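# Residue-level structural notes
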Amino acid sequence: MTMTTEHPVLQLAVLVGSLRAQSYSRKIAKALAARAPDSLRCRFIEIGELPLYNEDLDGGTPPAAWSAFRAAIRECDAVLFVTPEYNRSIPGCLKNALDVGSRPPGKSVFKGLPAGVVSVSPSKIGAFGSNQALRQTFVFLDMPVMQQPEAYIGNAAELLDDNGAVKNVDTAAFLEDFIEALEKWIRTVRPGSSAFDAFMKQREKIAEDYVNGNATSLKAIVTHSEPATFFSPRGDHLEGADVVAGRYERDAASFHQGGSTDLEVLQASASGELAFWTGLQHAKARIGKNGQPAEMTLRVTEVFRLEDGGFKLVHRHADPANG
Ligand SMILES: Cc1cc2nc3c(=O)[nH]c(=O)nc-3n(C[C@H](O)[C@H](O)[C@H](O)COP(=O)(O)O)c2cc1C
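Note that the structure is a prediction, hence the values are computed from the model and not measured. (Residues numbered from 1 in each chain as written. Predicted model: local features only at pLDDT ≥ 70, side-chain atom pairs only at ≥ 80, totals over all residues. Heavy atoms only, no water.)

## Here we look at the overall build of the chain
Helix and strand counts for the chain stand at 9 helices and 11 strands. Within the chain, the proportion of its 323 residues that are buried is 45%. A sequence separation of at least 24 residues applies to 66% of the contacts in the chain between residues at least 6 apart. A gap of 4 Å separates the mean positions of the 34 positive and 39 negative side-chain charges of the chain. (Helix = DSSP H or I, 4+ residues; strand = E, 2+ residues; numbered from the N terminus. Buried < 20%, exposed > 50% of the residue type's maximum accessible area, 1.4 Å probe, protein only. Contact = heavy atoms within 4.5 Å. Lys, Arg positive; Asp, Glu negative; His and termini not counted. Charge placed at Lys NZ, Arg CZ, Asp CG, Glu CD.)

Okay, here's the thing in structure tokens:
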């Protein structure tokens, strides 16, 4: 993992609201991605295979395609929507993707993510209706959307050549300006979109591995330098990098597959070599010899130090919050 705290690369999810192979919208999305600065990495996340949203399927283990989609959006800092208009609104596939990402309640992967909208149509009015309909959903999804420049790409068939490249110089320049403005917007809305924010997303996945009995990913972010400390939920505390690393590995072995965890970050910050988060860790785990289900909430503080260009865990303090 390479980290620079000054100019972190932003991950931009790109969702295309058309499933057809020769989609003008996808071609415009590719043209935008090709013009994105190096500091904005575009990641096309496919929505065509998402089963239609059905609350009944979200109770237990949700469809794998939903989980993969939600995880992919969670890894991103912002979302760019490039969409046609169907019957003066957004296509069903895109609405379905929004619905899937927005649930279960309280766990929307879209919440707070800055957004950009480009609507595309072979007709003149540039899919104005779908552009505005999409903006309406952002209110409820709590997604701050870039207001200007607006992008209504009309006459799409004439703007693109047979290879999907933008022929019109003005359109090409407009797309370049749009994607640059979007990067500025993302950085304005999320000044904290820093290397540590990106790392914290990784931290949450590592915590999930851990409560499933797998300490491998945690091992990669645990320091091997002194000082290192761990204040465990059992009330004891350990000092020394090797001792602490060994303990994490042993503790992970007491968990079985089938666990899940959420980090509720109350505060997090990074400055120079150091970073921390503090908050609650909610976990559902299967523990002990028989994989007995257990639910726990821990009050957690973790401190990280930049070592060899990556954040390493140097201190963890976890107390049971529910006695
Ligand atoms: C079900 C359906 C509804 C459509 N409704 C509209 C519409 O309201 N406004 C519009 O400009 N084009 C409409 N169109 C035409 C689309 O703009 C056109 O098919 C376009 O190529 C779709 O975008 P794509 O090229 O990215 O697939 C509609 C097409 C379909 C299939």
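## Overview of the pattern of salt bridges
Under the definition given, this model contains 17 salt bridges. Where R70 meets D58, a salt bridge forms, and the shortest distance between an N and an O atom there is 3.0 Å. With a gap of 12 residues between them, R70 in helix 2 (residues 64-74) and D58 in the loop between strand 2 (40-44) and helix 2 connect regions that are remote in the sequence. Judged by its relative accessible area of 12%, D58 is buried. Residue K95 is joined to D99 by a salt bridge in which the shortest nitrogen-to-oxygen separation is 3.0 Å. Placement of both K95 and D99 in helix 3 (residues 92-102) is noted, with a separation of 4 residues, approximately one turn of the helix. In this structure K95 comes out as partly exposed when scored by relative accessible area, which is 34%. By sharing partners, the salt bridges in this structure join R234, D236, R247 and D251 into a single network. (Salt bridge = Lys/Arg side-chain N within 4 Å of Asp/Glu carboxyl O.)

## Structural notes on the environment of L160
Mapped onto the secondary structure, L160 falls in the loop between helix 5 (156-159) and helix 6 (169-189). It is 35 Å that separates the C-alpha atoms of L160 and S67, two residues lying 93 residues apart in sequence. With residues near it in sequence (within four places) discarded, L160 still touches Y24, K27, I28, A165, V166 and K167.

## Section: the packing of aromatic side chains
Applying the stated criterion across every chain yields a total of 12 aromatic pairs. Every member of this aromatic cluster is reached through a ring pair, and the members are F196, F199, F304 and F311. The side chain of R20 reaches across the aromatic face of Y24, ending 5.2 Å from its centre. (Phe/Tyr/Trp six-rings, centres within 6.5 Å; stacked < 30°, edge-to-face > 60°. Lys NZ or Arg CZ within 6 Å of the ring centre and 35° of its normal.)

## Structural notes on the side chain of E183
Residue position: E183 is located in helix 6. Exposure remark for E183: the relative accessible area of 10% places this residue in the buried category. If we skip the residues at most four places from it in the chain, E183 touches L10, P37, S39 and L40.

## Quick word on the sheet that holds strand 5 (residues 152-153)
Pairing is parallel across the open sheet formed by 5 strands, whose spatial order is 2-1-3-4-5. The sheet is open, and its two edges are formed by strand 2 and strand 5, each paired on a single side. Pairing of strand 4 (residues 115-120) with strand 5, which is carried by 2 bridges, proceeds in the parallel orientation. Bridging from a neighbouring strand, S119 pairs with Y152 of strand 5. (Pairing = 2+ DSSP bridges.)

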